[in-house]
Amino acid sequence: MSWKEVCPYNPKLNIDVEDLYIYDTTLRDGEQTPGVCFNLEEKLNIARKLDELGIKQIELGFPAVSDREREIIKKIAEEDLNADLLVLSRALKEDIDKALYCDVDGIITFIATSPLHLKYKLHKTINEVEEMGMKAIEYAKDHDLFVAFSAEDATRTPLEDLIRIHKNAESYGADRVHIADTTGSSTPQSMYYLCSELKKNLKKAHIGVHCHNDFGFAVINSIYGVMGGARAISTTVNGLGERAGNAPLEEVVMALMVLYDLDLKLNISLLKELSKMVEEYSKVSLPVNKAIVGDRVFYHESGIHVDGVLEHPLTYEPFLPEKIGHNRGIVFGKHSGCSAVDRKLRNMGIEVSKEDLLKIVKKIKDTKEKGEDIEEEVFKKIVKEVIKENK
Ligand code: MN
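Just so you know, these numbers come straight off a predicted model, no measurement behind them.

Calculation criteria
- Residues numbered from 1 in each chain as written.
- Predicted model: local features only at pLDDT ≥ 70, side-chain atom pairs only at ≥ 80, totals over all residues.
- Heavy atoms only, no water.
- Core = buried A, V, L, I, M, F, W, Y, C linked by side-chain atoms within 4.5 Å.
- Buried < 20%, exposed > 50% of the residue type's maximum accessible area, 1.4 Å probe, protein only.
- Helix = DSSP H or I, 4+ residues; strand = E, 2+ residues; numbered from the N terminus.
- Contact = heavy atoms within 4.5 Å.
- Donors = N, O, S within 2.8 Å, 3.2 Å for Na, K, Ca; no water.
- Lys, Arg positive; Asp, Glu negative; His and termini not counted.
- Salt bridge = Lys/Arg side-chain N within 4 Å of Asp/Glu carboxyl O.
- Axes fitted to C-alpha atoms, helices over the stretch in contact; angles between N-to-C directions.
- Parallel < 35°, antiparallel > 145°, perpendicular 65-115°, else oblique.
- Left-handed = near helix turned anticlockwise from the far one by under 90°.
- Nonpolar A, V, L, I, M, F, W, Y, C, P; charged D, E, K, R; others polar.
- Domains from an automatic or database assignment.
- Buried area = accessible area lost by both parts, 1.4 Å probe.

Enquirer: Break down the nonpolar core for me, citing the residues and quoting the values.
Expert: Where a protein is soluble and globular, its nonpolar side chains tend to be buried together. Counting 96 residues, the largest nonpolar core has Leu60, Val253, Met254 and Leu264 as the members making the most contacts within it. Tallying contributions element by element places helix α9 (residues 249–259) first for this core, with eight residues. In this view, Val253 contacts Ile22, Leu264, Leu266, Ile268 and Leu271; residues no more than four positions away in its chain are not counted. By size, the runner-up hydrophobic cluster in this structure holds 16 residues, among which are Phe332, Ala340, Leu357 and Phe379.

Structure follows, in structure tokens:
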């Protein structure tokens, strides 16, 4: 049995997975979620787990934030991790010096390019900003860092500025240029358009996309970015990040692997565990129906679904939960059907008549409709009552 079954009309992504980079920023943008602050042990555990998963690049933090942040990053950089370790730097020499102090493999250096940010935040012209960006790239490349140059608020920046600046960034040695959808205000079509226009103008620098989830588009925008020629996707575990967060790692990974059939060569059996770890450390709890990793996304109650799943899980699941270290559950309630109840009874070593089975199912529905959850004890009580009635 295959572990997944999807819509046969899904398009193929004709890309070489060797060239595709997922760079996870749980430890930087994820930590910028209001109220979240990871300590050394937590950052270290998350970094190790991301590494075990097989993520190629991990953004560890923003060294300019504090002395403590710098020490934490430096400590993690001393670990023997396979992933390339990156940090965020403004387009300032002092920030890059702090990255160098941390002894990481590379930086993501950013500066805003949209008219809104230029006028109200930076109080600079586009030319001044461009010059700062290029100086930062030059300085970082002189120190042998991997350099991703990120145009902050790129999706609200005039195309001619974006193309000129990114071409220039490439000529200064940037290994990658990022389109940051800082306010999550692009659509899949615009992300596709921006990436493909940019790709036409670059010789060898890769394009990365950093998508925010303000409209719930972060995952699909990232995938359309890849369709348009991007080869790096920014993610965070559980979709943590500023405001509505970033593209959730688990959703990007599973969409690419299941829906688009790409073999990312990741140890996805760790996904549920990683999500739980980040949920605990961040204290940002997930809804039980959060895509991919929510506690109850593989739970079934209605009779028709339970019957189907018990015969073949893929009737009502797109992939097998155990592949990501998750589990399936059967819940009893208003929508329960006879065969799920019968199967549970048989598992408990109890055989009942057709008539009693119907009575038990009716009682389960009544109990739930009166507001009581059908926990194990409640289930047993109902069964006992029905059997007793017959004596
Ligand atoms: Mn961001």
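Enquirer: Tell me what's going on with the coordination of the manganese ion, and back it up with residues and numbers.
Expert: Ideal geometry at a metal centre gives angles of 109.5 degrees when four donors are arranged tetrahedrally and 90 or 180 degrees when six donors are arranged octahedrally. Within the first shell, the manganese ion binds the protein through Asp29 (OD), His210 (NE2) and His212 (NE2), at distances of 2.0 to 2.2 Å. In primary sequence terms, the donor set of the manganese ion follows D-x180-H-x1-H. Note that Asp29 is positioned in the loop between β1 (21–24) and α1 (40–53) and His212 in the loop between β7 (206–211) and α8 (218–227), a separation of 183 residues in sequence. Each member of the pair Asp29 and His212 is classed as buried.

Enquirer: Provide a residue-level description of the side chain of Asp24, including the pertinent values.
Expert: If you trace the backbone, Asp24 turns up in strand β1. Despite its burial, Asp24 remains without a salt bridge, the nearest opposite charge being carried by Arg28 at 10.0 Å.

Enquirer: Summarise the packing of helix α7 (residues 188–201) against α8; cite the residues concerned and give the values.
Expert: Two elements in contact, α7 and α8, have axes whose closest approach is 7 Å; the angle formed by their N-to-C orientations is 30°. Taken together, the axis directions place α7 and α8 in an arrangement best described as roughly parallel. Crossing hand, α7 versus α8: right-handed. Of the residues in α8, those in contact with Pro188, Gln189, Met191, Tyr192 and Cys195 of α7 are Ile220, Asn221, Tyr224, Gly225 and Met227. In the contact of α7 with α8, the residues fall into seven nonpolar, three polar and no charged.

Enquirer: An account of the domain arrangement of the protein is requested, with residue identities and associated values reported.
Expert: Splitting the protein by domain gives domain 1 (3–282) and domain 2 (298–391). Relative to domain 2, the C-alpha centre of domain 1 lies at a distance of 45 Å. At the interface, 10 residues of domain 1 touch eight residues of domain 2. Taking both sides of the interface into account, the surface hidden between domain 1 and domain 2 amounts to around 830 Å²; carbon and sulfur atoms contribute 71%. If you sort the residues of domain 1 by the area they bury against domain 2, Trp3, Glu5 and Lys272 come out on top, with a joint share of 58%. Applying the counting criterion to the domain 1 and domain 2 interface returns zero salt bridges.

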